[in-house]
Amino acid sequence: MSKIRSKRVRALLIIGLCVCLLGPMLVFSSPNLTGEGQYPTTDETEGAASLTGEVLTIEAALGYARYHNPAIGAARSRVQAAQKVPAQASAYEDPMVTWEAWNSPGNFRIDEAENNIFRLSQKIPFPGKLRLKGEMASKDAEKTEAELNAEEIDTVAQVKKAYYALWLVYRNLEVYRRDQELVTQFARIAEQKYAVGQVSQTDVLRAQVELTRMINRVTTETLALAKAQARLNALFSRPPEA
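Residues numbered from 1 in each chain as written. Predicted model: local features only at pLDDT ≥ 70, side-chain atom pairs only at ≥ 80, totals over all residues. Heavy atoms only, no water.

Draft legend 1. Region of interest: the overall build of the protein. Counting secondary structure elements, the protein contains 7 helices and 2 strands. If you list the helices and strands of the protein from N to C, you get α-α-α-α-α-β-β-α-α. When the 242 residues of the protein are sorted by exposure, 25% land in the buried category. Contacts in the protein between residues at least 24 apart in sequence constitute 72% of all its contacts with a sequence separation of at least 6. Accessible surface computed for the protein: about 16800 Å², of which carbon and sulfur atoms make up 58%. (Helix = DSSP H or I, 4+ residues; strand = E, 2+ residues; numbered from the N terminus. Buried < 20%, exposed > 50% of the residue type's maximum accessible area, 1.4 Å probe, protein only. Contact = heavy atoms within 4.5 Å. Areas by Shrake-Rupley, 256 points an atom, 1.4 Å probe, with all protein chains shown as cover.)

Draft legend 2. A look at the packing of aromatic side chains. A full pass over the atoms with the stated rule returns 2 aromatic pairs. Each ring, one from Y64 and one from F236, has its centre 5.2 Å from the other, and the planes form 75°; the classification is edge-to-face. Separated by 172 residues along the polypeptide, Y64 in helix α3 (residues 58–68) and F236 in the segment after α7 (201–235) bring together distant segments of the chain. For the pair Y64 and F236, one class covers both residues: buried. (Phe/Tyr/Trp six-rings, centres within 6.5 Å; stacked < 30°, edge-to-face > 60°.)

Draft legend 3. A look at the pattern of salt bridges. Going through the model one piece at a time under the given rule, you end up with 6 salt bridges. Of the charged contacts in the structure, one is a salt bridge between K123 and E93, with a shortest N-O distance of 3.9 Å. Separated by 30 residues along the polypeptide, K123 in the loop between β2 (115–121) and α6 (129–195) and E93 in the loop between α5 (85–89) and β1 (96–102) bring together distant segments of the chain. (Salt bridge = Lys/Arg side-chain N within 4 Å of Asp/Glu carboxyl O.)

Draft legend 4. Quick look at the packing of α6 against α7. Where α6 meets α7, the axes come as close as 8 Å, and the angle between the chain directions of the two elements is 160°. Comparing their axes, α7 and α6 come out roughly antiparallel. α6 and α7 meet at a crossing whose hand is left-handed. In the contact of α6 with α7, the residues fall into 23 nonpolar, 8 polar and 8 charged. (Axes fitted to C-alpha atoms, helices over the stretch in contact; angles between N-to-C directions. Parallel < 35°, antiparallel > 145°, perpendicular 65-115°, else oblique. Left-handed = near helix turned anticlockwise from the far one by under 90°. Nonpolar A, V, L, I, M, F, W, Y, C, P; charged D, E, K, R; others polar.)

Draft legend 5. Here's a closer look at the environment of N149. The residue N149 is located in helix α6 in this model. Each C-alpha atom, one on N149 and one on I72, is 8.8 Å from the other, the two residues being 77 residues apart in sequence.

Draft legend 6. A look at the side chain of S90. Position of S90 among the secondary structure elements: in the loop between α5 and β1. A distance of 2.9 Å separates a polar atom in the side chain of S90 from the backbone oxygen of P86. (Polar contact = N/O pair within 3.5 Å; in protein donor to acceptor, adjacent residues only side chain to side chain.)

Draft legend 7. View of the environment of Y92. When you line up the elements, Y92 lands in the loop between α5 and β1. Residue class for Y92 comes out partly exposed when judged on its relative accessible area of 26%. Put simply, Y92 and Q122 are 30 residues apart on the chain and 8.2 Å apart in space, counted from C-alpha to C-alpha.

Draft legend 8. Inspection of the packing of α3 against α6 at higher detail. Put simply, α3 and α6 touch, their axes get as near as 10 Å, and they point 140° apart. The angle between α3 and α6 places the two elements in the oblique class. Seen along the crossing, α3 lies across α6 with a hand that is right-handed. Together, I58, A61, L62, A65 and R66 of α3 and T155, V156, V159, K160, Y163 and Y164 of α6 make up the contact between the two elements. Split by residue class, the contact of α3 with α6 holds 8 nonpolar, 1 polar and 2 charged.

Draft legend 9. The arrangement of unusual backbone geometry in detail. The backbone of S237 sits at a positive phi, close to 60°, despite the residue not being glycine. Relative to the elements of secondary structure, S237 occurs in the segment after α7. For S237, a relative accessible area of 48% puts it in the partly exposed group.

See the structure below:
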């Protein structure tokens, strides 16, 4: 009688271990819940776009922003997390195995207890409930994908605006520096003519005032250049002085 009870206990233990190992595999399979719209991970996108060219083009700026912009990166992480939820929501809960022994000896040998009770339980929801939970999670994942697309469109618009603002500052600075050189030459010529009495002091002062105005323009535009670069670098998640 003791040998029969021992064999029965061993069989129950083997069954319990199998259920614990195979239980997490008991899930509802739905091809529409996961696997579509996958986005690259951070490791895959690292170095996918760079700003190594001597001249920054709008295409290079947009490509770099799509992979390094912090707002897009956060939205992409939310999409990746949301895509893993449907499989979890549509899965069974983990099965439970319990053991109860009556008058068990001090060495906890179950074959010497007067009575051993093994219980195996698995919660099974009402039919269709898990499928609906999975579909709801899938819709939430689609929502996060739409939010990612909206974030990309918004970032592209911001990058274009910052890029052309920077381009305009460069062009203005180029024109102002060229005008400064011309005004400097005019001021030098006015001083030379004033020295020989060909022009009045008023002409010399007028040339100096114009030169000062051009110097102020160049200085102001240089500060605007640093500001425009910082704005574009912020969209690239780079230091302002990069």
